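# Residue-level structure breakdown
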Amino acid sequence: MQRVEAEIAVSVSDLKKNPTAVVDGARGSPVAILNHNRVMAYMVPAETYEAMMDALDDQALVEIAKARANEKGEPVSLDDL
């Protein structure tokens with residue numbers, strides 16, 4: 001059985017009928033979109049999606065910083081930049 005990672009789930013048919021009602025009814029929570037009773041997608045508010053993308057970007061930068069933590073620096077003058 002497939003796990004549903006949202007408290008609210010709607011069928012594709014219901015979403016097509018009235019997408020605004022689905023978004024309003026979710027009140028900012030994620031919504032699982034079902035097709036034949038299987039999750040085919042999740043719908044999240046734009047604000048939540050943007051925060052997720054920022055967190056992923058931050059995580060990537062942390063990995064780069066960790067990889068470079070033991071590198072030896074080279075002194076440079078600001079004029080050379």
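Before reading further, recall that the structure is shown in the block above.
Here the structure is a predicted model, which is why all the values come from computation and not from measurement.

This part takes up the overall build of the chain. Counting secondary structure elements, the chain contains 3 helices and 3 strands. Helices and strands appear in the chain in the N-to-C order β-α-α-β-β-α. Expected size for 81 residues packed as a compact globule is a radius of gyration near 12 Å; at 22 Å, the chain overshoots this value by more than 25%. Referenced to the eigenvectors of the C-alpha coordinate spread, the extents of the chain come out at roughly 65 × 30 × 15 Å. A burial count over the chain gives 14% of its 81 residues as buried. Expressed as a percentage of contacts within the chain between residues at least 6 apart in sequence, the contacts between residues at least 24 apart total 31%. Of the roughly 7,100 Å² that the chain leaves accessible, carbon and sulfur atoms contribute 53%. Of the side-chain charges in the chain, 8 are positive and 14 negative, and the distance between the mean point of each set is 12 Å.

Moving on, we come to the nonpolar core. In terms of nonpolar packing, the biggest core is built from 7 residues, these being Val10, Val12, Leu15, Val22, Ala26, Val31 and Ile33. Of all the secondary structure elements, the ones that give two or more residues to this core are α1 (12-17), α2 (19-26) and β2 (31-35). Setting aside anything within four residues of it in sequence, one finds valine 22 in contact with Val10, Asp14, Leu15, Val31 and Met43.

What counts and how
Residues numbered from 1 in each chain as written. Predicted model: local features only at pLDDT ≥ 70, side-chain atom pairs only at ≥ 80, totals over all residues. Heavy atoms only, no water. Helix = DSSP H or I, 4+ residues; strand = E, 2+ residues; numbered from the N terminus. Rg over C-alpha atoms; globule rule 2.2 N^0.38 Å. Buried < 20%, exposed > 50% of the residue type's maximum accessible area, 1.4 Å probe, protein only. Contact = heavy atoms within 4.5 Å. Areas by Shrake-Rupley, 256 points an atom, 1.4 Å probe, with all protein chains shown as cover. Lys, Arg positive; Asp, Glu negative; His and termini not counted. Charge placed at Lys NZ, Arg CZ, Asp CG, Glu CD. Core = buried A, V, L, I, M, F, W, Y, C linked by side-chain atoms within 4.5 Å.

The values reported here are purely geometric and, on their own, carry no functional implication.
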